[in-house]
Structure formats: C-alpha cells, structure tokens
Amino acid sequence: TARRATAHDNDSEYASSRYVCNLKLVLEELANDQLSMETYPSILPMPAGGGGGVASVRKKTGSARTGHSRFKKADKGTSFAGSRQIVFMIGGLCYSELRAVHETTKKCEKEIVVGSTNLINPEDFIENVMSLG
C-alpha cells in the first residue's frame, strides 16, 4: 500500500535533500507580505495594509472556496482570511510547483490560486528539450 504524506515528512531525514522550487520561496514571501516591490512591481497601486478592502468583505460574506467537497470525506474544511492571491505561470507549471502552492496554502492559511498556460509532466519536458536540439 502507498504511504500517505504527512506534515511530519517535512521533518524527516530526507527533508534536507528534497528539491524545493524557487516558486515556493516566492509564495512564502507573498503570503507573509514580504515580497519585494522592486523585484515584483505592481501595475496598480497596492492597497494600504496589504489586504485592502477585500479582507473585510470576505469576513462578512465568507469565501466561495472554503475547501468543502461533496466527494471528499467529511472534514472541517478550510476557511481563509484576507485577500486571495492569484499567481499565473507563463510557460507551464510542473508538479513540484503545484505541490509548493498546496504546501504554502496550508502552512500560511492564505488562499493562493494558481494558473498556468500548461501543466508539464516529465515526458512533456523531455519532448520539449529534445525538440530544441
């Protein structure tokens, strides 16, 4: 039987040798409001206080994305506070980057929505590299 990953896996003896993608570091800075405005400038003026008016609206109405699924076993669900962060990757997203979004969302308890032009699996990556040559 396959072993399910747990939160304790990050503290395992293999955690230091596990690949951590650069996206995870950027997402953690984003979730903790520490993202550099020089490196990642905004087109629109950023709201004061980082969260803006969206946080107050969501506290009153709640989020439509609460983690509830009728196909999943009953659980308490996840409720997010603050504004929704949207990250879009041009050129594709791999499974390790998708896992980084999931882990950061759980760890920081902030809602991060990710999108991409393509979801790249290992076979597609090899085909793309071979087509360059």
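Refer to the structure presented above.
Residues numbered from 1 in each chain as written. Predicted model: local features only at pLDDT ≥ 70, side-chain atom pairs only at ≥ 80, totals over all residues. Heavy atoms only, no water.

Asks: Please set out helix H3 (residues 95-108) residue by residue, giving values where relevant.
Replies: Taking 1.5 Å per residue as the helical rise, H3 with its 14 residues ought to reach 20 Å, and the 20 Å between its terminal C-alpha atoms agrees with that figure. Among the residues making up H3, those that are buried are Glu97, Ala100, Val101, Thr104, Thr105 and Cys108. In an axial view of H3, the angular spread of the buried residues amounts to 130°, which keeps them on one side of the axis. With respect to the buried face of H3, the exposed residues turned more than 90 degrees away are Lys106 and Lys107. Looking at the buried positions of H3, the neighbouring elements they touch are helix H1 (22-31), strand E1 (85-89), strand E2 (93-94) and strand E3 (112-116). (Helix = DSSP H or I, 4+ residues; strand = E, 2+ residues; numbered from the N terminus. Expected span 1.5 Å × (residues − 1). Buried < 20%, exposed > 50% of the residue type's maximum accessible area, 1.4 Å probe, protein only. Arc of directions from axis to C-beta. Contact = heavy atoms within 4.5 Å.)

Asks: Now, about unusual backbone geometry: what can you tell me, with residues and values included?
Replies: Non-glycine residue Asp33 carries a positive phi angle of around 55°. Residue placement: Asp33 occurs in the loop between H1 and helix H2 (54-61). For Glu109, which is not a glycine, the phi torsion comes out positive at approximately 55°. Within the fold, Glu109 resides in the loop between H3 and E3.

Asks: Mind laying out the pattern of salt bridges, listing which residues take part and the relevant values?
Replies: Evaluation of the coordinates by the stated rule reveals 5 salt bridges. A salt bridge links Lys110 to Asp33; the nearest nitrogen and oxygen atoms lie 3.9 Å apart. Here Asp33 lies in the loop between H1 and H2 and Lys110 lies in the loop between H3 and E3, a separation of 77 residues in the sequence. Lys110 sits in the partly exposed class, given a relative accessible area of 24%. Between Glu111 and Arg84 there is a salt bridge, and its shortest N-O distance comes to 3.2 Å. Here Glu111 is found in the loop between H3 and E3, whereas its partner Arg84 is found in the loop between H2 and E1, with 27 residues between them in sequence. (Salt bridge = Lys/Arg side-chain N within 4 Å of Asp/Glu carboxyl O.)

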